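Next come the chains, spelled out residue by residue.
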Amino acid sequence: NAGVMQNPRHLVRRRGQEARLRCSPMKGHSHVYWYRQLPEEGLKFMVYLQKENIIDESGMPKERFSAEFPKEGPSILRIQQVVRGDSAAYFCASSLDGQPQHFGDGTRLSIL
Amino acid sequence: AQTVTQSQPEMSVQEAETVTLSCTYDTSESNYYLFWYKQPPSRQMILVIRQEAYKQQNATENRFSVNFQKAAKSFSLKISDSQLGDTAMYFCASLLLFGNEKLTFGTGTRLTIIP
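The structure presented is a predicted model; accordingly, all values stated were derived computationally and were not measured.

Visitor: Is there a simple way to explain the state of the cysteines in this structure?
Guide: Should the sulfur atoms of two cysteines be covalently bonded, the bond is a disulfide. Counting across every chain of the model gives 2 disulfides over all chains. Residue pairing for C23 of chain A: its cysteine sulfur links by disulfide to C92 of chain A, the two sulfurs lying 1.8 Å apart. Handedness of the C23 of chain A-C92 of chain A disulfide follows from its S-S torsion of about -55°: it is left-handed. Of this pair, C23 of chain A sits in strand β3 (residues 19-24) while C92 of chain A is found in strand β9 (residues 88-95), placing the two residues 69 residues apart along the sequence. Across the disulfide from C23 of chain B sits C92 of chain B; the S-S distance is 2.0 Å. One disulfide, between C23 of chain B and C92 of chain B, carries an S-S torsion of -70° and so falls in the left-handed class. Here C23 of chain B is found in the loop between β3 (19-21) and β4 (24-26), whereas its partner C92 of chain B is found in strand β10 (residues 88-96), with 69 residues between them in sequence. Overall, C23 of chain B belongs to the buried group, its relative accessible area being 2%.

Here is the structure:
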C-alpha cells in the first residue's frame, strides 16, 4: 500500500510565478491536510480538506494561497505570485476517520 | 486554542544510553491525542508513538515510551538503548478528538546520538 505521495520533491520558482504542489493521499484516505515548515521551525497547519470540501482553512494566508481536493485526482496546494517568504517545506498528510495522520515526504519550495 | 511547548532545542546522548525529551501542552479540552513524530535528515515525518488522553496507561513502542502526566499536561518521550539511527528532530504534537483534526506541533528537539 503506497504511502502519501507528494510531488515534486523540490520546486524552484522565481518571484511572481505560480507554484503548484500535489498530494495523493494513501489509498482509501478521505482526509487531507497541508502543513508548512519554515527553516528551523515546527510544522504549522494550513488547511484541512475532504473530497471536494474545504473543512478548515484557518491556517492558510488569505491571499495568494488556495487548496483543493477534487473528486478525482490529487489534492493541490496553489501559491500565486510567490515571494521569498514562501520558501519552505510543504507537507501533506492523510488519514481515515479517527486515525493518525500519515505524512508525505514533503515538497521543498525555493523562491529565487 | 492549543499550544505545545518543547523547551529543549537540542540534546545529545551517547549511543546505548537512555534519553528523555520533554513536552508540555495546554488545552481546555478533555478529549485529545498526543503524538511524537521523528524527522530525520531526510525530512520525512515519521510517527513514533501515540497516546490517547483518556487512557491512563503510558504508551510504549519497542524502545520508545512516554510518561503522560495529564494533570500536569506533560508528555515526555523516553528512548532506551539509543541508536545512531535515532538522530533526528523530534516533534511533540496534539490533536483534538472532536475538533477540526489539525495537529498542533511544538518547535522540536534536535537529538544527536554520539557513537
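Visitor: In this structure, what is going on with the side chain of R63 of chain B? I would like to understand it.
Guide: Residue and element names in this part refer to chain B. Relative to the assigned elements, R63 resides in the loop between β7 (60-61) and β8 (64-69). We classify R63 as buried; its relative accessible area is 19%. A distance of 2.9 Å separates polar atoms of two side chains, one belonging to R63 and the other to D86. In contact with R63, other than residues within four places in its own chain, are K78, I79, S80, D81, S82, Q83 and D86.

Visitor: Explanation requested: the sheet that holds strand β8 (residues 75-79) of chain A in the structure shown.
Guide: Hydrogen bonds along the backbone pair up the strands of a sheet, which may run parallel or antiparallel. Residue and element names in this part refer to chain A. Overall, antiparallel pairing links the 4 strands, which are arranged β1-β3-β8-β7 in an open sheet. This sheet does not close on itself; its edge strands, each paired only once, are β1 (5-7) and β7 (65-68). Geometrically, the sheet is characterised by an average inter-axis angle of 15° between neighbouring strands, direction not taken into account. For β7 and β8, the ladder comprises 4 bridges, and the chain directions are antiparallel. Across the sheet, the residue bridging to A67 is L77, located in β8.

Visitor: Is there a simple way to think about the interface of chain A and chain B in this case?
Guide: A common way to express how large an interface is: the accessible area buried when the components associate. The partner chain B presents 20 residues to the 24 residues of chain A that form the contact. Where chain A meets chain B, there are 0 salt bridges. Seen at the junction of chain A and chain B, the total is 4 residue pairs in polar contact (both at pLDDT 80 or more). The set of elements that each furnish at least two residues to the side of chain A that touches chain B consists of β4 (31-37), β5 (43-50) and β9 of chain A.

Visitor: Help me understand unusual backbone geometry, please; the structure alone is not making it clear to me.
Guide: Keep in mind that most residues, glycine aside, have a negative phi and that most peptide bonds are trans. Here N7 of chain A and P8 of chain A are connected by a cis peptide whose omega angle stands at 0°. Position of P8 of chain A among the secondary structure elements: in the loop between β1 and β2 (10-13). Here R43 of chain B, not a glycine, exhibits a phi torsion of approximately 75°, which is positive. Along the chain, R43 of chain B turns up in the loop between β5 (32-39) and β6 (46-52). Relative accessible area serves as the criterion here: at 10%, R43 of chain B is assigned to the buried category. A positive phi angle, near 55°, is found at N62 of chain B, a position not held by glycine. Considering the arrangement of structural elements, one finds N62 of chain B in the loop between β7 and β8. On the basis of relative accessible area, N62 of chain B is assigned to the exposed category, the value being 80%.

Visitor: Mind showing me how you'd approach the packing of aromatic side chains here?
Guide: One pair of aromatic rings is described through two measures. These are the centre distance and the angle between the planes. Scanning all chains against the criterion turns up 13 aromatic pairs over all chains. Between Y33 of chain A and Y48 of chain A, the aromatic rings sit 4.8 Å apart at their centres with planes inclined by 10°, giving stacked as the arrangement. One end of the pair, Y33 of chain A, is in strand β4; the other, Y48 of chain A, is in strand β5, with 15 residues separating them in the sequence. No difference in accessibility class separates Y33 of chain A from Y48 of chain A, as the two residues are buried. Taking NZ or CZ as reference, R50 of chain B lies 5.0 Å from the ring centre of Y33 of chain B, over its face.

Here is what the cut-offs are and how they apply
- Residues numbered from 1 in each chain as written.
- Chains lettered and ligands numbered in written order.
- Predicted model: local features only at pLDDT ≥ 70, side-chain atom pairs only at ≥ 80, totals over all residues.
- Heavy atoms only, no water.
- Disulfide = S-S within 2.5 Å.
- Helix = DSSP H or I, 4+ residues; strand = E, 2+ residues; numbered from the N terminus.
- Buried < 20%, exposed > 50% of the residue type's maximum accessible area, 1.4 Å probe, protein only.
- Polar contact = N/O pair within 3.5 Å; in protein donor to acceptor, adjacent residues only side chain to side chain.
- Contact = heavy atoms within 4.5 Å.
- Pairing = 2+ DSSP bridges.
- Axes fitted to C-alpha atoms, helices over the stretch in contact; angles between N-to-C directions.
- Salt bridge = Lys/Arg side-chain N within 4 Å of Asp/Glu carboxyl O.
- Phe/Tyr/Trp six-rings, centres within 6.5 Å; stacked < 30°, edge-to-face > 60°.
- Lys NZ or Arg CZ within 6 Å of the ring centre and 35° of its normal.

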